[in-house]
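# Topology and contacts: notes
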Amino acid sequence: MISVAVIGGGASGMAFAVALKQKRPDIEVTVFEKNPKVLKKILVTGNGRCNILNFDAVAENYFEACEFVRPAVEKYAPKKTEAIFRDMGLLLMSEQEGRAYPISQTAASVVCVLSSAAERAGVKVFTDTPVKSIKKSQGRFVINNDKSFDFAVIACGGAAAPKQGTDGSSFELFKALGIRVTELSPALTGICVKDMPFSLKGLRQYCKCTVFSNEKEYVETGEVQFNDYGLSGIPIMQLSRFIGKGKATATLDCLPSLTKNEITAFLQSHKFREPSGDVLCGILPRALANFVLRECNVKKDEPFASLSSDKALQIASAIKSLKFSVTGVRGFDFAQVTHGGAALSEFDNNTLEAKKVKHLYAVGEALNVDGPCGGYNLGWAWSSAFLAAESVLKEL
Ligand SMILES: Cc1cc2nc3c(=O)[nH]c(=O)nc-3n(C[C@H](O)[C@H](O)[C@H](O)COP(=O)(O)OP(=O)(O)OC[C@H]3O[C@@H](n4cnc5c(N)ncnc54)[C@H](O)[C@@H]3O)c2cc1C
């Protein structure tokens, strides 16, 4: 009987196994998962709701990997993936910006539907079974120096969120088969800044954020959270993948809907109110207002009317561009995805088969593919899994 080994029982591994075994019940599909249960990470995605895909996803969303992902993302586009999940018994709903969630609003539904589809199809699942070694011998893949298989699919995820079973150590499996792995760095994570003011801790503010790193500027807008180590929130997470090893700055426009002149005019027209802290508290949260005043060397109880007109302009400028010196990004423990992975040049993007190792495939985050927040990373896990399953089917 033809046998297929799937290394990793996460999103992409389970989706691959189900897709293949449903079409070919006569072959043996075995999933090896190091955790006590499959799909552990899914439960923490989307704050427990699982932002399962993005209806607007296109290849261009995947940064440098856009050409590589095109065949998978176009063939298994979001609507097709939605239909596959509907067939399995999972209904989705969409929220703003194309974000899709299970209609039940709980990630547990995704785990339940995928696990039971695997069981119904007859996928063999070995939990608590880390794959520590893989080698090719006489045309077959020998796993843990024990069982051998005709095909192998590496679906081991990346190095982000090690508590979920993905600590990056499984990239050694690629290396053991002669496949190059690129440098890894955390993405979709917080940004650490120098001398983060304690008074801002816990604050949330809708901002336009600009990161300047490696001579390039990157911009995102949304709610920023101020923490003891620095900044987080969706726009900051999106920007984190662009922070390089050199010097970087993060600049926040704390009132993106107003121009500097509009803010200045507003402040001047309200200067009869005092103290200065009170003039600002109509447009900014108190902690941020006080911080801006401190940055401009104005005491919060100083009468605003006594300040020069230049000061109003200086305060407006500070509100429009609060600058932080970036010291790095938070580590893999706090990251949602990995930037880096098995080198894309080693794989045929029409099949996801390794160019040098026949019948070896890679799917999901194990490959050097990452997308923004909003369902794009799970979207890639599903699309790549379905394309790889289709490719294996053609080889049988
Ligand atoms: C907190 C958090 C929230 C997220 N929220 C979202 C979201 O809402 N939407 C979204 O699109 N993306 C989200 N992501 C990212 C998304 O979860 C991943 O990109 C996606 O799960 C990758 O799927 P995968 O199958 O490639 O890897 P994973 O889901 O990481 O699965 C890999 C599996 O392989 C197992 N494994 C690893 N090595 C071995 C080995 N040697 N032997 C056996 N088993 C092994 C691991 O235990 C794991 O179960 C989030 C990530 C985190 C951490």
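Scroll up to find the structure.
It should be emphasised that the depicted structure is a prediction, and the values quoted were computed from it without experimental measurement.

Rules and cut-offs
Residues numbered from 1 in each chain as written. Predicted model: local features only at pLDDT ≥ 70, side-chain atom pairs only at ≥ 80, totals over all residues. Heavy atoms only, no water. Near = heavy atom within 4 Å. Polar contact = N/O pair within 3.5 Å; in protein donor to acceptor, adjacent residues only side chain to side chain. Areas by Shrake-Rupley, 256 points an atom, 1.4 Å probe, with all protein chains shown as cover. Helix = DSSP H or I, 4+ residues; strand = E, 2+ residues; numbered from the N terminus. Nonpolar A, V, L, I, M, F, W, Y, C, P; charged D, E, K, R; others polar. Salt bridge = Lys/Arg side-chain N within 4 Å of Asp/Glu carboxyl O. Buried < 20%, exposed > 50% of the residue type's maximum accessible area, 1.4 Å probe, protein only. Pairing = 2+ DSSP bridges. Axes fitted to C-alpha atoms, helices over the stretch in contact; angles between N-to-C directions. Contact = heavy atoms within 4.5 Å.

This paragraph deals with the site of the ligand. Near the ligand there are 36 residues, and of these Ser12, Glu33, Lys41, Ser170 and Leu378 occur at the shortest range. Lys41 has a polar side-chain atom sitting 2.7 Å from an oxygen atom of the ligand. Taking Glu365, its side chain carries an N or O atom lying 2.8 Å from an oxygen atom of the ligand. For the ligand, the accessible surface in isolation is 1000 Å², of which the surrounding protein chains cover 94%. Put simply, the parts of the chain that give the shell around the ligand at least two residues each are helix H1 (11-23) and helix H11 (376-395). For the shell around the ligand, the leading source of residues is H11, giving four residues. A class-by-class count of the residues in the shell around the ligand yields 14 nonpolar, 18 polar and four charged.

We now examine the pattern of salt bridges. Under the definition given, this model contains 21 salt bridges. Across the pair Arg140 and Asp150 runs a salt bridge whose closest N-O atoms are separated by 2.6 Å. With Arg140 in strand E8 (residues 140-143) and Asp150 in the loop between strand E9 (147-149) and strand E10 (151-154), this pair connects stretches of sequence that are 10 residues apart. What makes Arg140 partly exposed here is its relative accessible area of 28%.

All right, on to the sheet that holds strand E12 (residues 191-193) then. If you walk around this closed barrel you meet the six strands as E12-E15-E14-E13-E16-E17, and the pairing is antiparallel. This sheet shows a mean twist of 45 degrees between the axes of neighbouring strands, independent of strand direction. Where strand E13 (residues 204-213) meets strand E16 (residues 248-253), six bridges bridge the pair, whose relative direction is antiparallel. Its bridge partner lying in E16, Phe212 is registered against Thr249. In this fold helix H10 (residues 309-320) packs onto E16 and strand E17 (322-329), with an angle of close to 115 degrees to the strand it touches most, E16.

By themselves, these observations are geometric and do not establish any function.
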